[in-house]
Amino acid sequence: MEFSIAPLKALSSLRSDCLVVFVQQSAEASGLLDAEAIDAIAAQARQDGDFHAAAGSTYLCNRPQGLAARRLLLVGLGPAPLDARNARKAAEAACVALKGRSAARVHVTCSEAQQPLFEATVRAFGDFAYVYTATRKPDAEPACLVSAVQLLVPARQQAAYRVRLQRAQAIQAGVDLCRELANLPGNHCTPTHLGKVAQDLAKRHKLKVEVLGPAQIERERMGALMAVAQGSHEPARFIVLRYQGAPKGEAPHVLVGKGVTFDSGGISLKPGAEMDEMKFDMSGAASVLGAFEAVARLQPRINLVGLIPATENLPGGRAVKPGDVVTTRSGQTVEILNTDAEGRLILCDALDYAGQFKPASVVDIATLTGACVIALGHVHSGLFSPDDALAEALLEAGRQTHDTCWRMPLGEEYAEGLRSRFADVANIAGRPAGSVTAACFLQRFAQAYRWAHLDIAGTAWRSGAHKGATGRPVALLVQYLLAQQAGAAAPSHA
Ligand code: BES
Ligand code: MN
Ligand code: ZN
């Protein structure tokens, strides 16, 4: 998908396969220049009861009278003021309305009063254009026939919009990489493959990378990661990516991504239904690689480290068993009461490893618990942090990018359930508050720095007919990291 910007003017003579105009619910007229024909069509549609500008509603007009454009698409924004959520809803509705239509070159108006629409449009059309073709032929009738989108923005602010376009496109590239990796089947996207992708990323963008194999993982004494990996013939990997955009001495931010390339549950085997979806259990890792793709393109003034423990979780003659006790990198012993609670095991060694960087912040991202899906559904990612300022920064980054998270509690009362008679800690507690007790387990290994945990079990992919990775929470992560630059001003737009 090709994006460009141009000054917003002369709409009636604009040649386009489709001119997309967003309309606020209460507004009598679009408020755009040279828009008499557009306003007349909108007024007629309202009068006829065909279009009331509810958020996400659309009205498509072929060969619109008084316009040079082949089509006019009116899209409702709902009531003012426009927020990031309605902007995204409207932009996605525009894509749906264009599904299967031969509109290669599309123009989208983005007026002064419609700020959040700019990023929302780039992201919606970017996501619309993504097609998975790694292991199948594309559909004979593709959904998206749009190949170029021109955003028409206020004439006086072209430079600012150019920067915003670059940002949104970099985030889109990160989201696309994340989706592609997460969508790959488990027999294609192995720990070895993730290591290669990290190396390729490093090569393309001049980043530092290390990919540790089983022998080096053992030398690091990552006993919990090794315990999960021992049931599989696929060798584990531990990936360390580094981006330097600030002076060497400046404390880095660290992202840690769960990279279970297939989670069968191990000896505590999962039921068969929907087990295929456990190929998505490396979505945290994919989001870290996606965030690096975006950061490397944008070159912000921060230092960043990415850590990815990658392994399969399979049953087998050598697999770790319920009741086994292992020694983690931190020295704490863990009684593995359920081998299906493997994410927290591989993450605890990575969180301990993160301490050596004396980080400014550490955020781990993981498809950690089914309980988080029960708690929050597919709307918000779960956010856990003892640090109010860090939590607020992540919540805000989520709101700005419409990639939201919701803060959940931590606390001694929850952590008590993790007590073990045979080790320093058990890897599971009872069924209640499962996503919280999982976060409490991680917290034990993240004491040395500011830390937050994102449980993306409900948000990383969609099930059903439209099964596939969403690319979340790449946008949230990149927005958060950009805001961590020294002297970074809070963005003026939503
Ligand atoms: N990867 C799963 C969590 C998961 C399950 C994500 C379903 C998305 C959908 C994780 O490794 C897991 O199996 N967690 C267990 C923990 C339990 C054994 C305490 C779970 O949620 O059932
Ligand atoms: Mn599991
Ligand atoms: Zn898992």
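For the structure, check the block above.
On a predicted model such as this, the values are computed, not experimentally measured, just so you know.

## With respect to the sheet that holds strand S12 (residues 324-327)
The strand order S12-S13-S17 describes an open sheet built from 3 strands, whose pairing is mixed. Of all the strands in the sheet, the pair left with one neighbour each is S12 and strand S17 (425-426). Inspection of the sheet shows strand S13 (residues 333-336) paired to S17 by 2 bridges, in the parallel sense. Residue Val-334 lies in a different strand from S17, and its bridge partner there is Val-425.

## Re the pattern of salt bridges
For side chains of opposite charge, pairing can occur when their charged atoms come near one another. According to the stated counting rule, one finds 23 salt bridges in the structure shown. Ionic pairing is found between Arg-297 and Glu-293, a salt bridge with its closest N-O pair at 2.8 Å. With Arg-297 and Glu-293 both in helix H8 (residues 283-298), this residue pair falls 4 residues apart, about one helical turn. Judged by its relative accessible area of 47%, Arg-297 falls in the partly exposed class. Judged by relative accessible area, which is 3%, Glu-293 ranks as buried. In this structure, Glu-392 engages Arg-399 in a salt bridge whose closest nitrogen and oxygen atoms are separated by 2.6 Å.

## Section: the side chain of Thr-339
One can find Thr-339 in the loop between S13 and helix H9 (343-354). Within polar-contact distance, the side chain of Thr-339 engages the backbone nitrogen of Ile-267 at 3.1 Å. Only 2.8 Å separates the side chain of Thr-339 from the backbone nitrogen of Ser-268, close enough to count as a polar contact. Apart from the residues within four sequence positions on either side, Thr-339 is in contact with Gly-265, Gly-266, Ile-267, Ser-268, Asn-313, Val-320, Lys-321 and Pro-322.

## Some points on the sheet that holds strand S4 (residues 71-76)
Strand order in this open sheet of 6 strands is S1-S6-S5-S2-S4-S3, and the pairing throughout is mixed. Unpaired on one side and paired on the other, strand S1 (2-7) and strand S3 (58-62) mark the two borders of the sheet. Direction aside, the axes of adjacent strands within the sheet are offset by 20° on average. Sheet strands touched by helix H2 (residues 84-97): strand S2 (18-23), S3 and S4. Its angle to S4, the strand with the most contacts, is close to 145°.

## Some points on the coordination of the manganese ion (ligand 2)
The manganese ion (ligand 2) binds to the protein through Asp-263 (OD), Asp-340 (O), Asp-340 (OD) and Glu-342 (OE); the donor distances cover 2.1 to 2.2 Å. Given 6 donor atoms and angles of 72 to 168° at the metal, the environment of the manganese ion (ligand 2) is assigned as irregular. Positions of the donor residues of the manganese ion (ligand 2) along the chain correspond to the pattern D-x76-D-x1-E. In this structure, the manganese ion (ligand 2) lies 3.2 Å from the zinc ion (ligand 3), and both are coordinated by Asp-263. Residue class for Asp-340 comes out partly exposed when judged on its relative accessible area of 22%. The class of Glu-342 is buried, set by a relative accessible area of 0%.

## Observations regarding the site of ligand 1
Surrounding ligand 1, one finds 16 residues, the nearest of these being Lys-270, Asp-281, Asp-340, Glu-342 and Gly-370. Leu-368 places a polar main-chain atom, nitrogen or oxygen, 3.5 Å from a nitrogen atom of ligand 1. Summarising the interface, the protein chains cover 76% of the accessible area of ligand 1, which totals 510 Å² for the free molecule. Here ligand 1 is seated within the second largest pocket. When its residues are assigned to classes, the shell around ligand 1 shows 5 nonpolar, 4 polar and 7 charged.

## Structural notes on the packing of aromatic side chains
Within this structure, the stated rule accounts for 7 aromatic pairs. Measuring from centroid to centroid gives 6.4 Å for Phe-125 and Phe-128, while their planes differ by 75°, and the two rings are edge-to-face. Separated by 3 residues within a single helix, Phe-125 and Phe-128 lie in helix H3 (residues 116-129), roughly one turn from each other. Using a relative accessible area of 1% as the deciding quantity, one classes Phe-125 as buried. A relative accessible area of 14% places Phe-128 in the buried class. The interplanar angle of 20° and the centroid separation of 5.0 Å between the aromatic rings of Phe-280 and Trp-461 together place this pair among those described as stacked.

## So, the pairing of strand S18 (residues 451-455)
For S18, the tally of buried residues reaches 5 of 5 residues, placing the bulk of the element in the interior. Both faces of S18 are covered, namely the face carrying Trp-451, His-453 and Asp-455 and the face carrying Ala-452 and Leu-454. Relative to S18, strand S14 (residues 361-366) is paired through 5 bridges, and the arrangement is parallel. What sits directly across from Ala-366, in S18, is Asp-455. Across 3 bridges, the pairing between strand S15 (residues 381-384) and S18 is antiparallel. Each bridged residue has a counterpart across the sheet, and for Leu-383 the counterpart in S18 is Leu-454.

## Section: the environment of His-52
Its location among the elements puts His-52 in the loop between helix H1 (36-47) and S3. Among the residues examined, His-52 registers a relative accessible area of 47% and is labelled partly exposed. Distance from His-52 to Ser-26, taken between C-alpha atoms, is 9.1 Å for residues 26 residues apart in sequence. Setting aside anything within four residues of it in sequence, one finds His-52 in contact with Gln-25 and Arg-46.

## Regarding the coordination of the zinc ion (ligand 3)
In this structure, Lys-258 (NZ), Asp-263 (OD), Asp-281 (OD) and Glu-342 (OE) serve as the protein donors to the zinc ion (ligand 3), at separations of 2.0 to 2.4 Å. Relative to the metal, the 6 donor atoms surrounding the zinc ion (ligand 3) lie at angles of 78 to 176°, and the coordination shape comes out octahedral. All donor residues of the zinc ion (ligand 3) come from one chain, and their arrangement in sequence is K-x4-D-x17-D-x60-E.

## Regarding the layout of surface pockets
Roughly 1,000 Å³ of volume is contained in the second largest pocket. Around the second largest pocket sit 33 residues that line it, and Lys-270, Asp-340, Thr-369, Gly-370 and Ala-371 are the ones nearest its centre. Secondary-structure elements contributing two or more residues to the lining of the second largest pocket are helix H10 (370-376), helix H13 (434-443) and strand S19 (461-462). Ranked by the residues each element gives to the lining of the second largest pocket, the list is headed by H10, at 4 residues.

Definitions and limits used
Residues numbered from 1 in each chain as written. Chains lettered and ligands numbered in written order. Predicted model: local features only at pLDDT ≥ 70, side-chain atom pairs only at ≥ 80, totals over all residues. Heavy atoms only, no water. Pairing = 2+ DSSP bridges. Helix = DSSP H or I, 4+ residues; strand = E, 2+ residues; numbered from the N terminus. Salt bridge = Lys/Arg side-chain N within 4 Å of Asp/Glu carboxyl O. Buried < 20%, exposed > 50% of the residue type's maximum accessible area, 1.4 Å probe, protein only. Polar contact = N/O pair within 3.5 Å; in protein donor to acceptor, adjacent residues only side chain to side chain. Contact = heavy atoms within 4.5 Å. Axes fitted to C-alpha atoms, helices over the stretch in contact; angles between N-to-C directions. Donors = N, O, S within 2.8 Å, 3.2 Å for Na, K, Ca; no water. Tetrahedral: all angles 85-135°; square planar, octahedral: opposite > 155°, others 65-115°. Near = heavy atom within 4 Å. Areas by Shrake-Rupley, 256 points an atom, 1.4 Å probe, with all protein chains shown as cover. 1 Å grid on protein atoms, 1.4 Å probe; cavity = no way out; pocket = protein on both sides within 12 Å on 5 of 7 lines; lining within 4 Å. Sits in = over half its atoms within 2 Å of the grid points. Nonpolar A, V, L, I, M, F, W, Y, C, P; charged D, E, K, R; others polar. Phe/Tyr/Trp six-rings, centres within 6.5 Å; stacked < 30°, edge-to-face > 60°. Points joined across faces, edges and corners; volume = space filled by probe spheres on them.

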